[in-house]
Amino acid sequence: MDAKDKNSETAIIIAAREGKAEHVKVLIASKAHIDNMSKEGMATIELIANRIPSAREEFTKRLDSGITFDHNGVAKLDFTKVFRNLSKGEGNDNMDFFFGLINSPFKTMLEHPLLWAFLNMKLVQVKKFHYFTIFCHLLFSAGLSAYSSIIFNQLCPGEDIVETMAGLNATKEDGGSRWDIRSTIDCNIEEVTRTTSAVVISSWIFLLASLIIYTLREVVKVTTDAQAFYKSGTYRNFGIILFSALTVSCGNIMFGHSHYAMPRWTYYSASIACFTTWWEMMYMVGKIPRFGKYVHMFRWVSWLVGSLAMFPDSSMFQIGLHGDLQVHGCLHISHHWFHDELQH
């Protein structure tokens, strides 16, 4: 019944395409798989709903059979009435069925208790995974910030402070060498304590391991879905990986060096890496409904202020006769933008 032809299509897909209503109804009643895809990339349930609308009753009966009650009145849900081999993990991450159902005349069936319960179960799983991802990214961001603070603020400070008998005189760096990324800055290796050394080494090892895992995750994401590079912010993650890798590239400072000169370009890479990791952290927290509106507001206001700074003569910002900043139109646009974003 669920055997596939050379196009990986089952009997129910072929029968629905050819408009054979009775065949489709019998196959639905016989528990044929309806969570696969046709060769055109259409979900089976979407194909059935468009070609055989009369099959709605059989589909409803199949969903109803997935809900039973024991002698104590406790409901038992059998998701295998819709999704195949859930116990083995097959099809558990395939949401094509629901996307097809949404785009079909059967979309009101999403309110059926069996499908509603499954969606809520998936939502709980997604939330847990997202919270775990946020926690891992928080550890990475905190580790990178701690490592950068110790290395570039304590061991290899960018400015030399010279204490004299008359008092404290600060000799600032030469303006030209500050932007010479090929120059180096001497580090205070001899002043490193055991505690500081242990913190730097452990942070360095942790960051290296995290970067390897981070890189493998993004490579798998891109290779499995070519559009994921632009859809899910993978381009931002690759930027984080690049600048973080440049930052930790000189982490061998703690291993047997009596003197070490830190390349100046690592200071700039560390600054960019710390900024981008915490910026990405903001994006991740913004996906939580409770905090999303504040993150979207911050992004929008930042965009407005940045536009004003870069394009002061823009028509979006007009200075009135009394010197007031006329941003009423921008606020009106932002109100609708907030509403659309939160609905999405």
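Residues numbered from 1 in each chain as written. Predicted model: local features only at pLDDT ≥ 70, side-chain atom pairs only at ≥ 80, totals over all residues. Heavy atoms only, no water.

> Teacher, can you tell me more about the overall build of the protein here?
On a plain count of helices and strands, the protein comes out with 13 helices and 8 strands. The buried share among the 344 residues of the protein stands at 33%. Restricting to contacts in the protein with at least 6 residues of sequence separation, those with at least 24 account for 67%. Of the accessible surface of the protein, which amounts to about 21300 Å², a share of 61% is contributed by carbon and sulfur atoms. (Helix = DSSP H or I, 4+ residues; strand = E, 2+ residues; numbered from the N terminus. Buried < 20%, exposed > 50% of the residue type's maximum accessible area, 1.4 Å probe, protein only. Contact = heavy atoms within 4.5 Å. Areas by Shrake-Rupley, 256 points an atom, 1.4 Å probe, with all protein chains shown as cover.)

> Got a minute to help me understand the packing of aromatic side chains in this structure?
Two aromatic rings, taken as a pair, are described by how far apart their centres are and by the angle between their planes. Under the definition given, this model contains 9 aromatic pairs. Plain terms: the ring middles of F98 and F118 are 5.7 Å apart, the flat faces sit at 15° to each other, and that makes the pair stacked. Separated by 20 residues along the polypeptide, F98 in helix α5 (residues 96–102) and F118 in helix α6 (residues 113–155) bring together distant segments of the chain. Each member of the pair, F98 as well as F118, is classed as buried. Here the aromatic residues F59, F79, F97, F98, F106 and F118 are joined through ring pairs into a cluster of three or more. (Phe/Tyr/Trp six-rings, centres within 6.5 Å; stacked < 30°, edge-to-face > 60°.)

> Is there a simple way to think about the nonpolar core in this case?
For soluble globular proteins, nonpolar side chains are generally found buried alongside one another. Of all hydrophobic cores here, the largest spans 30 residues; its most connected members are I12, V24, I48, F59, F97 and L101. Setting aside residues up to four positions removed in sequence, I12 forms contacts with V24, L27, I28, A32, H33, I34, T44 and I48. Formed by 26 residues, the second largest nonpolar core is a distinct cluster that contains C187, W204, Y267 and C274. (Core = buried A, V, L, I, M, F, W, Y, C linked by side-chain atoms within 4.5 Å.)

> Is there a simple way to explain a nonpolar patch on the surface in this structure?
A cluster of nonpolar side chains, contributed by I181, L242, L246 and W265, occupies part of the molecular surface with about 340 Å² of accessible area. Residue placement: L246 occurs in helix α10 (residues 234–248). (Patch = residues over 30% accessible without salt bridge, like charges linked within 9 Å, V, L, I, M, F, W, Y side chains within 5 Å. Salt bridge = Lys/Arg side-chain N within 4 Å of Asp/Glu carboxyl O.)

> What is the right way to look at the packing of α6 against helix α8 (residues 194–224) in this model?
How two helices sit against one another is set out by the angle between their axes and by the gap between those axes. Where α6 contacts α8, the axes come no closer than 9 Å and their chain directions differ by 135°. Comparing the axis directions of α6 and α8 gives the class oblique. Once α6 is placed against α8, the crossing between them reads as left-handed. Within the contact between the two elements, α6 uses T133, H137, L139, F140, G143, L144, Y147, I150, I151 and L155 and α8 uses T196, V199, V200, S203, W204, F206, L207, S210, L211, Y214 and R217. Residue composition of the contact of α6 with α8, grouped by class: 14 nonpolar, 6 polar and 1 charged. (Axes fitted to C-alpha atoms, helices over the stretch in contact; angles between N-to-C directions. Parallel < 35°, antiparallel > 145°, perpendicular 65-115°, else oblique. Left-handed = near helix turned anticlockwise from the far one by under 90°. Nonpolar A, V, L, I, M, F, W, Y, C, P; charged D, E, K, R; others polar.)

> Help me understand the pattern of salt bridges in this model?
Where charged atoms from two side chains of opposite charge approach closely, those side chains can pair. Per the stated rule, a full pass over the model turns up 3 salt bridges. The salt bridge involving K20 is made with E18; its shortest N-O contact spans 3.1 Å. Assessed through its relative accessible area of 37%, K20 is described here as partly exposed. A salt bridge links R217 to E218; its shortest N-O distance comes to 2.6 Å. A residue is classified by how much of its surface remains accessible, and R217, at 38% relative accessible area, is partly exposed. Given the relative accessible area of 0%, E218 is considered buried.

> Quick question: what am I supposed to make of helix α2 (residues 21–29) here?
Side chains of residues three or four places apart in an α-helix project in the same direction, reflecting 3.6 residues per turn. Those residues of α2 that sit buried are V24, L27 and I28. Along α2, the residues classed as buried sweep out an arc of 100° about the axis, all on the same side. For α2, the exposed residues set more than 90 degrees away from the buried face come down to E22 and A29. Phi turns positive one or two residues past the end of α2, at K31, with a value near 70°. (Arc of directions from axis to C-beta.)

> Could you clarify how one ought to interpret the side chain of S141 in this entry?
Relative to the helices and strands, S141 is located in helix α6. Classification of S141 as buried rests on a relative accessible area of 0%.

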